[in-house]
Amino acid sequence: MSKFKESYFTMKEDDALEYATFVLNFFSLDAELSCREIGDGNLNYIFRIIDLKSGRSIIIKQAGPYARISDEFKVSPDRNRIESDVLKLQSKLAEGFVPEIYNYDPIMNCCVMEDLSDYVIMRKALIEHKRFPLFAEDITTFMVKTLLLTSDIVMNHKDKKESVKNFINPELCEITEDLVYTEPFYDCDRNDVIDETRKFVQKEIWSDEKFLLETAKLKFEFMTNAQSLLHGDLHTGSIFVKADSTKIIDPEFAFYGPAGYDIGNVIANLIFAYENSEATIEDTTKKKEYKNWLEETIKQVIDLFISKFKFMWKEVVTERTANYKGFDEYYLQNIIKDTAAVTGCELCRRIIGMAHVKDITGIEDINKRARAEKICLSAGKKFIIQRESFKTGADFINVIKEFEKSIN
Ligand code: SR1
Ligand code: MG
């Protein structure tokens, strides 16, 4: 019997090549296969297999028993089932925005999917100060469809509860509960704060009891509000882009949670790119132009989300009580409030906690990096404390501009 049918083991490049040759029916018999492990994320192993003769290629993504970033995180490889199921569902709900899944293997805890090598990871492209004019349109279409169509507004409530059950994801949720909602808000050993920012964090974040209370409320919102099937980790490292297309990958953190979690992650990570360009683009005209594009994009992500959500609501709502006058506004305003709060949490955790982002760590001038970090933290705090006051895209960008003016 093939070793791949017996029991799970983590694959090396040679194993993945053998797997592609003998287990999958994707390549022709005379294919000349080559394999490279290309993963640079925090959790999984990603193998790209290419037939050098035909140029056809696939990705095999395998979940290991520990996170790559640290073996302190023991995470069930079953997350690969969740990821495969979510990608299949999302491709139905929001066609064209996720890679195609060709196969899921519950023994090897791996899935085989479309190779998107003609795309680039958005975080990397933003750090190179590239623009993607379609991004706001695409990401808002994806989020409105996946978040609204998986909610009680649309789904039969028993089917929705079945879906909540299928996508229960305790271990990955625990990572988020710890890394996003707990550790950044006290002097935890696992945090990783540079000396130049530490005093600021001590005073503005760890010592502000009123603020800490708000973060506790948000943690409980994340743990208990089973509103929509989230992507669960929608930062710019989970998004592939090219000029005319956007693909969303890596939904292994998916579960039923507050819809604003996904939108807030997108906004915060665009803000990291904004602060990267503020700190690293020397030429003032180029800096202004690039920042203008990012500002517009941030505004549009919020404003287009709102308008598309309102439009789609009317088309798809099935829940009787959701038709009462004013309920749609109430529901949407709650999502925008959660979006602001999550924007704030993501801004704080990527500066203080263990999982940083290259947009900020890649700023070589340490004083400029510390300034970028203080802007993100101050804005993060305001997004959290004043979350009720955010209504439009302009409200989001104004916070960043305010702290760029006052922090030098
Ligand atoms: C242990 S995993 C660290 C982070 O990487 C993932 O992409 C999530 O954002 C998680 O918080
Ligand atoms: Mg990921």
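In the block above lies the structure referred to throughout.
In what follows, the accompanying structure is described. What you are looking at is a predicted structure, and each value in this text was computed from that prediction instead of being measured. In this numbering scheme, every chain counts its residues from 1 along its sequence in written order. Throughout, the order in which chains and ligands are written sets their labels, letters from A for the former and numbers from 1 for the latter. Totals for whole chains, interfaces and linings use every residue, but because this is a predicted model, local features are given only for residues with pLDDT of at least 70 and side-chain atom pairs only at 80 or more, for both listing and counting. Only heavy atoms go into the side-chain values, all of them from the structure, while hydrogens and water stay out.

**Section: the overall build of the protein chain**
Then step 1. Along its length, the protein chain carries 15 helices and 10 strands.
Then step 2. If one aligns the C-alpha atoms of the protein chain with their principal axes, the spans along those axes are about 65 × 55 × 40 Å.
Then step 3. Only protein chains enter the accessibility calculation, which uses a 1.4 Å probe. A residue is then buried if its area is under 20% of the maximum for its type, exposed if over 50%, and partly exposed in between. In the protein chain, buried positions account for 56% of the 408 residues.
Then step 4. Summarising the internal contacts of the protein chain: among those between residues at least 6 apart in sequence, 72% fall at separations of at least 24.
Then step 5. We get accessible surface area from the Shrake-Rupley algorithm with a probe of 1.4 Å; when it comes to residues, only the shown protein chains can shield them. For the protein chain, the accessible area works out to roughly 18,300 Å², and carbon and sulfur atoms hold 50% of it. Helix and strand definitions here come from DSSP, where helices need a minimum of 4 consecutive H or I residues and strands a minimum of 2 consecutive E residues; each element is numbered from the N-terminal end. The criterion used for residue contact is that any of the two residues' heavy atoms lie within 4.5 Å.

**Here's the deal with helix H14 (residues 366-385)**
Then step 1. Given a rise of 1.5 Å per residue, 20 residues ought to cover 28 Å, and the 28 Å separating the end C-alpha atoms of H14 matches this to within 8%.
Then step 2. Most of H14 sits out of view: 14 of its 20 residues are buried.
Then step 3. N or O atoms closer than or at 3.5 Å make up a polar contact, with two conditions inside protein: a donor-capable atom paired with an acceptor-capable one, and, for residues adjacent in sequence, both atoms drawn from side chains. Capping the start of H14 is the job of one residue whose side-chain oxygen sits 2.9 Å from the backbone nitrogen of Asn367: Asp365. Each helix should span, by expectation, one fewer than its residue count multiplied by 1.5 Å.

**Some words on the side chain of Lys287**
Then step 1. Summarising the element assignment, Lys287 is placed in helix H11 (residues 284-316).
Then step 2. Asp and Glu count as negative and Lys and Arg as positive, but His and the ends of the chain are not part of the count. Criterion for a salt bridge: a side-chain nitrogen of Lys or Arg within 4 Å of a carboxyl oxygen of Asp or Glu. Summary of buried charges: Lys287 has no salt-bridge partner, and the nearest side chain of opposite charge, Glu278, is 4.2 Å away.
Then step 3. If we ignore the near neighbours within four places in the chain, the residues touching Lys287 are Ser277, Glu278 and Ile281.

**Considerations on unusual backbone geometry**
Then step 1. Phi angles above zero are rare outside glycine, and Asn109 is one such case at about 50 degrees.
Then step 2. In this fold, Asn109 is placed in the loop between strand E4 (101-105) and strand E5 (110-114).
Then step 3. For Asn109, a relative accessible area of 10% translates into the label buried.
Then step 4. Phi angles above zero are rare outside glycine, and His129 is one such case at about 60 degrees.
Then step 5. Its location among the elements puts His129 in the loop between helix H4 (122-127) and helix H5 (135-149).

**Quick notes on the sheet that holds strand E3 (residues 57-63)**
Then step 1. Paired strands, in this sense, are two strands between which DSSP finds at least two bridges. One open sheet holds the five strands; their spatial order is E1-E2-E3-E5-E4, and the pairing between them is antiparallel. Edge positions in the sheet fall to strand E1 (33-37) and E4, since each of these pairs with one other strand and no more. Within this sheet the neighbouring strands show an average axis-to-axis angle of 20 degrees, counted without direction.
Then step 2. Here five bridges tie E1 to strand E2 (residues 44-51), and the two strands are oriented antiparallel to one another. Angles shown run from 0 to 180 degrees and are taken between the N-to-C directions of axes, each axis being a line fitted to C-alpha atoms and, for helices, limited to the stretch in contact.

**Some words on the packing of H11 against helix H12 (residues 327-352)**
Then step 1. Orientation of H11 relative to H12, taken along the N-to-C sense of each, is 150 degrees, at an axis distance of 11 Å. What the angle tells us is that H11 and H12 run roughly antiparallel. Note on packing geometry: the crossing formed by H11 with H12 is right-handed. Taking contact as the criterion, the partners of Ile302, Phe305, Ile306, Phe309, Lys310 and Trp313 in H11 are, on H12, Phe327, Asp328, Glu329, Tyr331, Leu332, Ile335, Ile336 and Thr339.
Then step 2. Gly counts as polar in this scheme, as do all residues outside two lists: the nonpolar Ala, Val, Leu, Ile, Met, Phe, Trp, Tyr, Cys and Pro, and the charged Asp, Glu, Lys and Arg. Of the residues contributing to the contact of H11 with H12, the split by class is 10 nonpolar, one polar and three charged. Note on angle classes: values under 35 degrees are labelled roughly parallel, values over 145 roughly antiparallel, values of 65 to 115 roughly perpendicular, and the remainder oblique. If you view the pair so one helix is near and one far, a crossing is left-handed when the near helix is turned anticlockwise from the far one by less than a right angle, and right-handed when it is turned clockwise.

**Brief notes about the pairing of E5**
Then step 1. Most of E5 sits inside the fold, with four of its five residues counted as buried.
Then step 2. Where E3 lies against E5, five bridges are found, and the strand directions are antiparallel. Within E5, the residue paired with Ile58 across the bridge is Glu114.
Then step 3. In the sheet, E4 pairs with E5 via four bridges, with the strands oriented antiparallel.

**Considering the site of ligand 1**
Then step 1. Taken together, the neighbourhood of ligand 1 is formed by Asn42, Ile69, Phe73, Leu179, Asp233, His235, Phe253, Arg349, Arg350 and Ala355.
Then step 2. Measuring from an oxygen atom of ligand 1, one finds a side-chain N or O atom of Asn42 at 2.7 Å.
Then step 3. One nitrogen or oxygen atom from the side chain of Asp233 is found 2.6 Å from an oxygen atom belonging to ligand 1.
Then step 4. Partitioned by chemical class, the residues of the shell around ligand 1 number five nonpolar, two polar and three charged. Residues are labelled near a given molecule or strand when at least one of their non-hydrogen atoms is within 4 Å of it.

**A word on the pattern of salt bridges**
Then step 1. Per the stated rule, a full pass over the model turns up 36 salt bridges.
Then step 2. One salt bridge connects Lys130 with Glu128, and the closest N-O pair in it is separated by 2.7 Å.
Then step 3. Taken together, the shared-partner salt bridges connect Lys203, Glu204, Asp208 and Lys381 into one network.

**So, the nonpolar core**
Then step 1. In terms of nonpolar packing, the biggest core is built from 99 residues, with Phe135, Met143, Val301 and Phe383 touching the most fellow members.
Then step 2. The biggest single contributor to this core is H11, with 13 residues.
Then step 3. Once you skip the residues sitting within four places of it in the chain, Phe135 turns out to touch Met122, Ile239, Val241, Thr246, Val266, Leu270, Thr297 and Val301.
Then step 4. Throughout, nonpolar core names a set of buried Ala, Val, Leu, Ile, Met, Phe, Trp, Tyr and Cys residues whose side chains join them through atoms within 4.5 Å. Counting residues in each nonpolar core, the second largest holds 17 residues, with Met11, Leu24, Leu33 and Met108 among its members.

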